[in-house]
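# A closer look at the structure
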Amino acid sequence: MRPRSAQQGHPGELRLPAACAVLVAIALYAALPSQLIVGPRFVVPMLELVLLVFLVAVNPRRMLRENRLLRQLSIALVLIIAVTNSAALVLVIIELVTGHASEGRQLLLAAGQVWLTNIIIFGLAFWEIDRGGPVQRTQARDKGLPMADFRFPQDEDHDAIDEVAARSSAKSGWTPGFVDYLYVSVTNSSAFSPTDTMPLSARAKLLMATESVSALVLSVVVISRGVSLLK
């Protein structure tokens, strides 16, 4: 149980980290080579930007307001970024396997862009689904939070030594923010498995498995292509 003082008056999660991550993802996609983009270059980035501007306008500084429409638009933004980057992932793998040596370096750079975007996408997805999303995690404590999709170390540190326990969710009212989920995504994409944060729900496990497999396949293809360019 969290102390009541930690449950009341939470200012809400900062909007800036997630908004910046979305902007980076949009920029990375817009900068991809033309053969990895489906349709006109700036149609999808502009759509994503419009959705982001609307969502930021509703919660400009902190994540405090939410309704069904806002929730759907927020998830739709993540899905659009995910679908377009998945298409780019498939195309970059095909190009790396069948492309000409003269395009190799450009394709390797593009693969890095796709990989970084993938990390952002899954970080956003984890952030959106866990415990009802960023607004629910900080504003619905007295009503009861939805079940957790991830177990963070802070969820279990209440019985550790004092200087560690002080940061636990039970004693400080800590809640995971976007940076925490982005870190989970980075480690999962690099180690191809969970590290310090464990998935609890089936959807969290499926998301982490999908990210690990896509990162592994891309890494194997990139390494193979890099070796061939050295010959």
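## Observations concerning a nonpolar patch on the surface
- Taken together, the side chains of Leu23, Phe42, Met46, Leu49 and Val53 define a hydrophobic patch exposed on the protein surface, amounting to about 470 Å² of accessible area.
- A per-element tally of the nonpolar patch places helix 3 (residues 43-58) first, with three residues.
- If you trace the backbone, Phe42 turns up in the loop between helix 2 (16-30) and helix 3.

## Digging into the packing of aromatic side chains
- With the rule as written, the count across this model stands at six aromatic pairs.
- On the basis of an interplanar angle of 80° and a centroid distance of 5.8 Å, the ring pair of Trp127 and Phe178 is categorised as edge-to-face. Of the two residues, Trp127 sits in helix 5 (residues 104-129) while Phe178 sits in helix 9 (residues 178-191), which places them 51 residues apart along the sequence. Pair check on accessibility: Trp127 and Phe178 agree, each one buried.
- Judged by centre distance (6.2 Å) and plane angle (70°), the rings of Phe150 and Tyr181 are edge-to-face.

## Side note on helix 4 (residues 68-98)
- Taking 1.5 Å as the rise per residue, helix 4 with 31 residues should run 45 Å; its terminal C-alpha atoms sit 45 Å apart, in good agreement.
- Measuring from the side-chain oxygen of the N-cap residue of helix 4 to the backbone nitrogen of Leu69 gives 3.1 Å; that N-cap residue is Asn67.

## Brief notes about helix 9
- Here helix 9 is 14 residues long and its end C-alpha atoms lie 20 Å apart, about the 20 Å a rise of 1.5 Å per residue gives.
- Two residues or fewer past helix 9, Phe192 is found with a positive phi of approximately 60°.

## Notes on the nonpolar core
- Val22, Leu77, Leu124, Phe126, Trp127 and Phe150 are the most contacted members of the largest nonpolar core, which has 32 residues in total.
- Tallying contributions element by element places helix 5 first for this core, with seven residues.
- Ignoring anything within four residues of it in the chain, the contact list for Trp127 reads Glu13, Arg15, Ala18, Met63, Gly133, Pro134, Arg137, Gly177, Phe178 and Tyr181.
- With 16 residues, the next largest nonpolar core counts Ile37, Val44, Ile93 and Ala110 among its residues.

## As for the packing of helix 2 against helix 5
- Closest axis-to-axis distance for the helix 2/helix 5 pair is 9 Å, and the angle between their directions is 145°. At the point where helix 2 passes helix 5, the crossing takes the left-handed sense. Residue-level inspection shows Ala18, Ala21, Val22, Val24, Ala25 and Leu28 of helix 2 in contact with helix 5, the latter providing Gln113, Leu116, Thr117, Ile120, Leu124 and Trp127.
- Within the contact of helix 2 with helix 5, the residues separate by chemical class into ten nonpolar, two polar and no charged.

## As for the confidence of the model for the protein chain
- Counting all residues, the mean pLDDT for the protein chain is 87, and 91% of those residues have values of 70 or more.
- Within the protein chain, no element has a lower average pLDDT than helix 1 (residues 4-7), which sits at 42, and none a higher one than helix 2, at 96.
- Across residues 1-7 the pLDDT falls below 50, and counting only partners more than four positions away or on other chains, this stretch makes 17 contacts in the model.

## Details of the packing of helix 4 against helix 5
- Contact geometry for helix 4 and helix 5: axes closest at 9 Å, N-to-C directions at 155°. What the angle tells us is that helix 4 and helix 5 run roughly antiparallel. Pair helix 4 / helix 5 crosses with left-handed handedness. Across from Arg71, Ser74, Ile75, Val78, Ile81, Ala82, Asn85, Ala88, Leu89, Val92, Glu95 and Leu96 in helix 4, the residues of helix 5 making contact are Leu107, Leu108, Ala110, Ala111, Val114, Thr117, Asn118, Ile121, Leu124, Ala125, Glu128 and Ile129.
- The residue makeup of the contact of helix 4 with helix 5, split by class, is 17 nonpolar, four polar and three charged.

## Details of the environment of Ile26
- As for its position among the elements, Ile26 is in helix 2.
- Ile26 gets classed as buried once you look at its relative accessible area, which sits at 8%.
- In sequence terms Ile26 and Pro45 are 19 residues apart; their C-alpha atoms lie 5.6 Å from each other.
- Those residues within four positions of Ile26 in sequence are excluded, and the remaining contacts are Pro45, Glu48 and Leu49.

Rules used in this analysis
- Residues numbered from 1 in each chain as written.
- Predicted model: local features only at pLDDT ≥ 70, side-chain atom pairs only at ≥ 80, totals over all residues.
- Heavy atoms only, no water.
- Patch = residues over 30% accessible without salt bridge, like charges linked within 9 Å, V, L, I, M, F, W, Y side chains within 5 Å.
- Areas by Shrake-Rupley, 256 points an atom, 1.4 Å probe, with all protein chains shown as cover.
- Salt bridge = Lys/Arg side-chain N within 4 Å of Asp/Glu carboxyl O.
- Helix = DSSP H or I, 4+ residues; strand = E, 2+ residues; numbered from the N terminus.
- Phe/Tyr/Trp six-rings, centres within 6.5 Å; stacked < 30°, edge-to-face > 60°.
- Buried < 20%, exposed > 50% of the residue type's maximum accessible area, 1.4 Å probe, protein only.
- Expected span 1.5 Å × (residues − 1).
- Polar contact = N/O pair within 3.5 Å; in protein donor to acceptor, adjacent residues only side chain to side chain.
- Core = buried A, V, L, I, M, F, W, Y, C linked by side-chain atoms within 4.5 Å.
- Contact = heavy atoms within 4.5 Å.
- Axes fitted to C-alpha atoms, helices over the stretch in contact; angles between N-to-C directions.
- Left-handed = near helix turned anticlockwise from the far one by under 90°.
- Nonpolar A, V, L, I, M, F, W, Y, C, P; charged D, E, K, R; others polar.
- pLDDT = per-residue confidence, 0-100.
- Parallel < 35°, antiparallel > 145°, perpendicular 65-115°, else oblique.

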